[in-house]
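Here are the chains, one letter per residue:
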Amino acid sequence: MNRVRLYLHRLFRRPAVTGPMRLHTRRVPDGVFLDLEEYFVHVIETLADDEDALALLMEIKEDREVSREHDGWQPEKLLMEHLALIVGWEVPVRGKSLARLADRLRAAEPKPVVIPAQRTQGGAA
């Protein structure tokens, strides 16, 4: 069901950012979802095409398979930082695209809920 909703959303809405990577937004009652599919595809393709990146990913996987008590030291964090340097961790948004994304995010801000004052017993407030 979520996949159908996502496809319908993409058919009828224009992306908030069109380049260099498309970003879609989808409003929900309490905020917005950022659709980063194009960035996700970039990450997977980079991992598949770059032997060093794939080796780092496999090293992270192997490190996480080792069962040991948590002692505060997380060696996979350093590996993740190296991997992030290869695939990137930012989606560029510039110029007019930035203004469109800001407008969409501003419009998705939830409105404050106003609760009318409760009536006291006897009708006096």
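Small disclaimer: the values here were computed from a predicted structure and weren't measured. (Residues numbered from 1 in each chain as written. Predicted model: local features only at pLDDT ≥ 70, side-chain atom pairs only at ≥ 80, totals over all residues. Heavy atoms only, no water.)

Q: What is the right way to read the packing of helix 2 (residues 37-49) against helix 3 (residues 51-65) from this model?
A: In a packed pair of helices, the relevant descriptors are the angle between the two axes and the axis-to-axis distance. Following both chains from N to C, one finds helix 2 and helix 3 inclined at 100°, their axes separated by 5 Å at the closest point. By the angle between their directions, the pair helix 2 and helix 3 is classed as roughly perpendicular. Contact with helix 2, carried on its side by T46, L47 and D49, involves E51, A53, L54 and L57 of helix 3 and no other residues of that element. Here the residues of the contact of helix 2 with helix 3 are counted per class, giving four nonpolar, one polar and two charged. (Axes fitted to C-alpha atoms, helices over the stretch in contact; angles between N-to-C directions. Helix = DSSP H or I, 4+ residues; strand = E, 2+ residues; numbered from the N terminus. Parallel < 35°, antiparallel > 145°, perpendicular 65-115°, else oblique. Contact = heavy atoms within 4.5 Å. Nonpolar A, V, L, I, M, F, W, Y, C, P; charged D, E, K, R; others polar.)

Q: Hey, could you run me through the pairing of strand 2 (residues 31-35) in this one?
A: Two faces belong to every sheet, and in a regular strand the side chains alternate between them. Across five bridges, strand 1 (residues 24-28) lies against strand 2 in antiparallel orientation. What sits directly across from V28, in strand 2, is G31. Between strand 1 and strand 2, which pair antiparallel in sequence order, lie two residues. (Pairing = 2+ DSSP bridges.)

Q: I'm lost on the pattern of salt bridges in this one. Help?
A: In a structure, side chains of opposite charge can pair up when their charged atoms sit close to one another. In total, this model carries one salt bridge according to the counting rule given. D103 is paired through a salt bridge with R106; the nearest N and O atoms lie 3.1 Å apart. Of this pair, D103 and R106 are both found in helix 5 (residues 95-107), three residues apart, which corresponds to roughly one turn of the helix. Classification of R106 by relative accessible area gives exposed; the value is 52%. (Salt bridge = Lys/Arg side-chain N within 4 Å of Asp/Glu carboxyl O. Buried < 20%, exposed > 50% of the residue type's maximum accessible area, 1.4 Å probe, protein only.)

Q: Explanation requested: the nonpolar core in the structure shown.
A: Across soluble globular proteins, nonpolar side chains show a tendency to be buried alongside one another. Counting ten residues, the largest nonpolar core consists of M21, Y39, V43, L47, A53, L56, I60, L79, L83 and V87. At the level of elements, helix 2, helix 3 and helix 4 (75-87) are the ones that each hand at least two residues to this core. If near-sequence neighbours (up to four positions away) are discounted, V87 is found in contact with Y39, H42, V43, T46 and L47. (Core = buried A, V, L, I, M, F, W, Y, C linked by side-chain atoms within 4.5 Å.)

Function-wise, these values are silent; they only describe arrangement.
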